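Residue strings, one per chain:
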Amino acid sequence: MNDAGSMPLVGVILLSAGVLSVGMTCVAYLTWLERKVAARMQNRVGPYQVGKPHGWLQPLADIVKLLAKEDITPRAADGVLFNLGPILAVVPALLGFAFIPFLPGWAVVDHPYSVLLFSAFASLSLFGVFAAGWASNNKYALLSALRMVAMLVSYEIPLLLALLVPALLAGSFSLMGIVEAQRGLAFVFVPVIGQLAFVVFFIAMLAESNKAPFDLIEAESELIAAYNVEYSGIKFALFYAGEYAHTFALCGLAATVFFGGYLGPAFLPGPFWLLLKMVGLFSVVLWVRWSFMRLRIDQALAFNWKLLFPLSLSILVATGAWVGLAGGGR
Amino acid sequence: MPAAEVVAALAARVGAVPFTLGVDVSAPDLLVTLRALRDVHGYRYYVCASATDRSAEFELLHGVRNLDTNDDIWVRVHLPRDAPEVDSAAHTYAGAEWQEREIFDLFGLIFRAHPDPRRLMLPDQYVGHPLRKDFPIDTPWGYRPATVGAPVAEPEA
Amino acid sequence: MTSDVEIVERDFGELALNMGPQHPSTHGVLRLVLYLRGETVLRAVPGIGYLHRGVEKLCETLAYDQLAPVFERNDYLGPTSNSLAFVLTVERHGSFHVPRRGAWLRGLVAELQRVASHLVWLGTLGLDLGGALGGGTTLYMYCFREREKILDLLEELTGTRFHTNFNLIGGARYDLTSAIGAHARGLADGFDAMLDELLSMSAKSGVFRGRTEGVGVISRDLALGAGVTGPVLRGSGVAFDIRRARPYDAYAELEFDIPVRTAGDALARFEVRMAEIGQSARLIRQIVDGLPPGPICSRKPLKNPKATKLAAGEAYAAVESPRGELGVLLVADGTSQPWRLKINAPSFANLQVVPLIAPGMLLADVIATLGSLDPVMGDVDR
């Protein structure tokens, strides 16, 4: 087992820095991918000039622009919470990268309960958004923060319940163990249970990362920019990057527990397969995002409590019955 | 031309005098006329209201329409220039509310018992009624504080 | 927090949210003060006048022949209808004859701009419902791509893309060549496929229907009393269209249907407008195929615009603009300038309904309702 627990400090720092830099570079280029995919879906070209011919230097230009902007703090904003908001929004998302195994036996943190730890840390970003919404002293931000709390707390439950299905099938809460248990068959191919659990997880993931049709939190046409309406410059960049990092981390989790993580034909190394699966899932998220209109808050909550939650609960019970009684899974 | 029998009925009811687009009634009879049109003759659709500044008096027109017979009728009242007050039609036709607010804003006609007698287009602190014929329009900005009232003051923070 | 800011906490149980003049989805500069409890609107207070340019006063200073372009700037998304309303009123009052070809050409440009205006409405409705970072932008881009084709045709015909200055008192300004006619016909033939594509992005999407079905219901009685017009009126079950009720220009001789829905909600108004695009395509095909020969304007180009005097009297004429009944009430005094020109704007009447139906809606529904009413602030404020 090669993780931070069994390395000297230098190794820990190098490993974390390596994973973090790969993660953040991916996040930066995911913004480029999003703009290109959105543009092609809308019959236009997307970023083109910055780094011809495909605008591949656009993320760099965006970062430089955001760093160079003036950092404005409203006079009546709550100082501590206002500055804490972006940090709380970004750090838990980045923490998610630490748990995802990228080679057999290699992860930054390999813990027997890493599935639960991942979920626990990922849901901390809720506090960042709520702090930003409250501390901005702005009614639009407050409304968005209230919607955010209601939505995210609701959609955590089917997310977790859907996550428990692969854990049951693998017989382990450790992400490494779940990946290893997929050596024969990736869990998404398990008849009925695997596919349904993946669909539930995908929808809950869309809601957790505020992508359409669940982007009512930052509904730009109603709440302007919602919780980050008062932020500019580097703080806005942190929110922006944090949103992509959160989505990418959740895609990583989905790739790990449903699609087998770093497993793949041997002619390419494991981390490559992991990245391929993560980016593929992210592309599907983009495809859905740029096609759908936005749900209203009561419709989104009704969808969760009346459909998604009972569905995920029944899938979990069915999986438990299959594993326990029929000896399915491992 | 509005329907002849409706004009005749109104002439019998309130002494309405026909003109090109409809009937002339006296200001106190306005609401009676409008209610008769709405309830008795089926003119339930509200078109719009307009005012005209004839230098000696104001004219106020309310236009209503009967969708079944596809007929318009305009009810006109003449108001004296120094006391341009008339009853509000907003309780009879919901659509008259904003039309009357706009006429108050731009002409200065007072509508009694209007549910929301504020200016509509211009700022609340504005002094003057621009569509009156004595409102100057030949200045660069069309608004001379010396003749039309105090300049708009900055609202208290 | 700095010491010169005093935070006063008061609890009235309601939150006053100012969707101020600058807002991504108020369709122009409309200020809507919403009093909310949670997400529910308790009351809505619209504030207009941010685009008030004093057009009616301006009209009293210009000659009749100079006024048609001024009218185009009122409702800037359906400009030809505005100038057509004015020109029609003057023609009726002054008994000017309009040659048949001119009347048919005016109808052609009016229908083309009706489709263009409805495409803008649909695109911005997508932005309102789906947001700039989601499926709404996709719908918006597709609508505007189709609209560009219409604007290219108008540029071929008149020289400018949108405010074409096409209507004259007594006819039209530019004539249709057979090449432009063929181009227009091809465009109209493509509208059906375009409608299918746009419908697949909107009405066939469950999320869209969920956002518009049952939202912003205007009952038939309220619609009549408040005087709403156009697709809003026809979406509430009243089959009244000025083109059918008081035909002007070519409409008496052309075949088209009036789409009517009874539900009165945002989805009904959406369906009415989409059906109207189909009917406009039908009208354009008929006009291009059956365009009568002859002159397009009964009056020679003027040397002195102040030469046209109209007799004293009043006249009212209305046209069916993309937003509804656009009427002009003319009070003439015998000179070459109108004494009073009142513009009965469709968006003005339609917007009045918002404070009457807003109480009890959710915040997202207010946006959807505003989008389905399709107000243009240039029309409301004049």
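Residues numbered from 1 in each chain as written. Chains lettered and ligands numbered in written order. Predicted model: local features only at pLDDT ≥ 70, side-chain atom pairs only at ≥ 80, totals over all residues. Heavy atoms only, no water.

**Q** Even after reading the chapter, I still don't get the overall build of chain B, so can you show me in this structure?
**A** The number of helices and strands found in chain B is four helices and seven strands. Counted from the first residue to the last, chain B has its helices and strands arranged as α-β-β-α-β-β-β-β-α-β-α. The proportion of buried residues among the 157 residues of chain B is 54%. Residue pairs in contact within chain B that sit at least 24 positions apart in sequence constitute 49% of those at least 6 positions apart. Counting every atom, chain B has about 7,000 Å² of accessible surface; 57% of that belongs to carbon and sulfur. (Helix = DSSP H or I, 4+ residues; strand = E, 2+ residues; numbered from the N terminus. Buried < 20%, exposed > 50% of the residue type's maximum accessible area, 1.4 Å probe, protein only. Contact = heavy atoms within 4.5 Å. Areas by Shrake-Rupley, 256 points an atom, 1.4 Å probe, with all protein chains shown as cover.)

**Q** For this particular structure, what's the right way to read the nonpolar core?
**A** Nonpolar side chains tend to gather and get buried jointly when the protein is soluble and globular. With 249 residues, the main nonpolar core has Met151(A), Ile48(C), Phe86(C) and Leu198(C) as its most contacted residues. The dominant element in this core, judged by the number of residues it contributes, is helix H6 (residues 139–170) of chain A, at 14 residues. If we ignore the near neighbours within four places in the chain, the residues touching Leu198(C) are Leu119(C), Leu122(C), Leu139(C), Tyr142(C), Cys143(C) and Met274(C). Grouped together as the second largest cluster of nonpolar side chains are five residues, Met176(A), Val179(A), Tyr262(A) and Leu263(A) included. (Core = buried A, V, L, I, M, F, W, Y, C linked by side-chain atoms within 4.5 Å.)

**Q** What is the right way to read the interface of chain C and chain A from this model?
**A** One frequently used descriptor of interface size is the decrease in accessible area upon assembly of the parts. Taken together, the contacts link 46 residues of chain C with 32 residues of chain A. In total, chain C and chain A occlude about 3,200 Å² of area from one another, counting both sides; carbon and sulfur atoms represent 59% of this. Our enumeration of links across chain C and chain A arrives at one salt bridge. A salt bridge links Asp365(C) to Arg296(A); its shortest N-O distance comes to 2.6 Å. Here chain C and chain A share seven residue pairs in polar contact (both at pLDDT 80 or more) between them. At the level of elements, strand E1 (15–19), helix H4 (100–130), helix H5 (135–158), helix H7 (206–212) and helix H14 (363–373) of chain C are the ones that each hand at least two residues to the side of chain C that touches chain A. In terms of residues, the side of chain C that touches chain A owes the most to one element, H5(C), which gives eight residues. Considered class by class, the residues forming the side of chain C that touches chain A number 24 nonpolar, 16 polar and six charged. (Buried area = accessible area lost by both parts, 1.4 Å probe. Salt bridge = Lys/Arg side-chain N within 4 Å of Asp/Glu carboxyl O. Polar contact = N/O pair within 3.5 Å; in protein donor to acceptor, adjacent residues only side chain to side chain. Nonpolar A, V, L, I, M, F, W, Y, C, P; charged D, E, K, R; others polar.)

**Q** What is the right way to read the sheet that holds strand E2 (residues 22–24) of chain B from this model?
**A** Sheet strands line up and pair through hydrogen bonds in the backbone, either parallel or antiparallel. All names here are of chain B. In space, the five strands of this open sheet follow the order E1-E2-E5-E4-E3, with mixed pairing throughout. The open sheet has two free edges, formed respectively by strand E1 (17–18) and strand E3 (45–54), since each of these has just one partner strand. Bridge count for E2 against strand E5 (residues 71–80) is three bridges, and the pairing is parallel. The residue of E5 that forms the bridge with Gly 22 is Trp 74. On top of the sheet, helix H1 (residues 4–14) reaches E1, E2 and E5; it is set at about 35 degrees to E5, its chief contact. Strand contacts of helix H3 (residues 96–107): E3 and strand E4 (57–66), with the helix running at about 10 degrees to E3, the strand carrying the most contacts. (Pairing = 2+ DSSP bridges. Axes fitted to C-alpha atoms, helices over the stretch in contact; angles between N-to-C directions.)

**Q** Honestly, the sheet that holds E1(C) in this entry has me stumped. Any pointers?
**A** Residue and element names in this part refer to chain C. Pairing is antiparallel in the open sheet, where three strands are placed in the order E1-E2-E3. Because the sheet does not close on itself, it has two edges, and the strands there are E1 and strand E3 (40–47). Ignoring which end each strand starts from, the neighbouring axes of this sheet average 20 degrees apart. Strand direction decides the pairing type here: E1 and strand E2 (residues 31–37), joined by five bridges, are antiparallel. Residue pairing across strands places Met 19 opposite Leu 32, the latter belonging to E2. Lying over the sheet, H14 contacts E1, E2 and E3, oriented at roughly 150 degrees with respect to E2.

**Q** Help me understand H6(A), please; the structure alone is not making it clear to me.
**A** Residues spaced three or four apart along an α-helix point in a common direction, a consequence of the helix completing one turn every 3.6 residues. Given a rise of 1.5 Å per residue, 32 residues ought to cover 46 Å, and the 47 Å separating the end C-alpha atoms of H6(A) matches this to within 8%. At the exit of H6(A) stands Gly171(A), carrying a positive phi of roughly 75 degrees. (Expected span 1.5 Å × (residues − 1).)

**Q** For this particular structure, what's the right way to read the pairing of strand E8 (residues 340–344) of chain C?
**A** Side-chain positions along a regular strand alternate between the two faces of the sheet. Residue and element names in this part refer to chain C. Judged by how many residues are buried, E8 sits mostly within the fold: five of five residues are covered. Alternating positions in E8 separate into two faces, Arg 340, Lys 342 and Asn 344 on one and Leu 341 and Ile 343 on the other, with burial throughout. Bridge analysis of strand E7 (residues 324–332) against E8 gives five bridges, and the strand direction is antiparallel. Note that in E8 the partner of Leu 330 across the bridge is Leu 341.

**Q** Looking at this model, I keep getting lost on helix H3 (residues 79–94) of chain C. Mind explaining?
**A** Given a rise of 1.5 Å per residue, 16 residues ought to cover 22 Å, and the 23 Å separating the end C-alpha atoms of H3(C) matches this to within 8%. Positioned one or two residues after H3(C), Ser95(C) has a phi angle of 55 degrees, which is positive.

**Q** I'm lost on the environment of Asp257(C) in this one. Help?
**A** Residues and elements named next belong to chain C. By the secondary structure assignment, Asp 257 is in the loop between helix H10 (242–245) and helix H11 (266–290). Judged by relative accessible area, which is 42%, Asp 257 ranks as partly exposed. Remark: the alpha-carbon pair of Asp 257 and Leu 283, spanning 26 residues in sequence, is separated by 9.9 Å. Those residues within four positions of Asp 257 in sequence are excluded, and the remaining contacts are Gln 279 and Arg 282.

**Q** Even after reading the chapter, I still don't get the interface of chain C and chain B, so can you show me in this structure?
**A** Contacts between chain C and chain B engage 40 residues on the former and 43 residues on the latter. Where chain C abuts chain B, roughly 3,500 Å² becomes buried across the two surfaces, and 56% of that area is made up of carbon and sulfur atoms. On the chain C side of the interface with chain B, the three residues burying the most area are Lys57(C), Glu314(C) and Trp339(C), jointly 20% of the side's total. Remark: the boundary between chain C and chain B carries eight salt bridges. Note that Glu314(C) is salt-bridged to Arg54(B), the shortest N-O span being 3.7 Å. The tally of links between chain C and chain B comes to 22 residue pairs in polar contact (both at pLDDT 80 or more). Sort the elements by how many residues they give to the side of chain C that touches chain B and helix H8 (residues 220–226) of chain C lands first, with five residues. Split by residue class, the side of chain C that touches chain B holds 21 nonpolar, eight polar and eleven charged.

**Q** Would you explain a nonpolar patch on the surface in this entry?
**A** Residue and element names in this part refer to chain A. A cluster of nonpolar residues, Val 80, Leu 84, Ile 87, Val 91 and Leu 95, forms a patch on the protein surface that exposes about 400 Å² of accessible area. Its place among the elements puts Ile 87 in helix H3 (residues 79–99). Since its relative accessible area comes to 44%, Ile 87 is described here as partly exposed. (Patch = residues over 30% accessible without salt bridge, like charges linked within 9 Å, V, L, I, M, F, W, Y side chains within 5 Å.)

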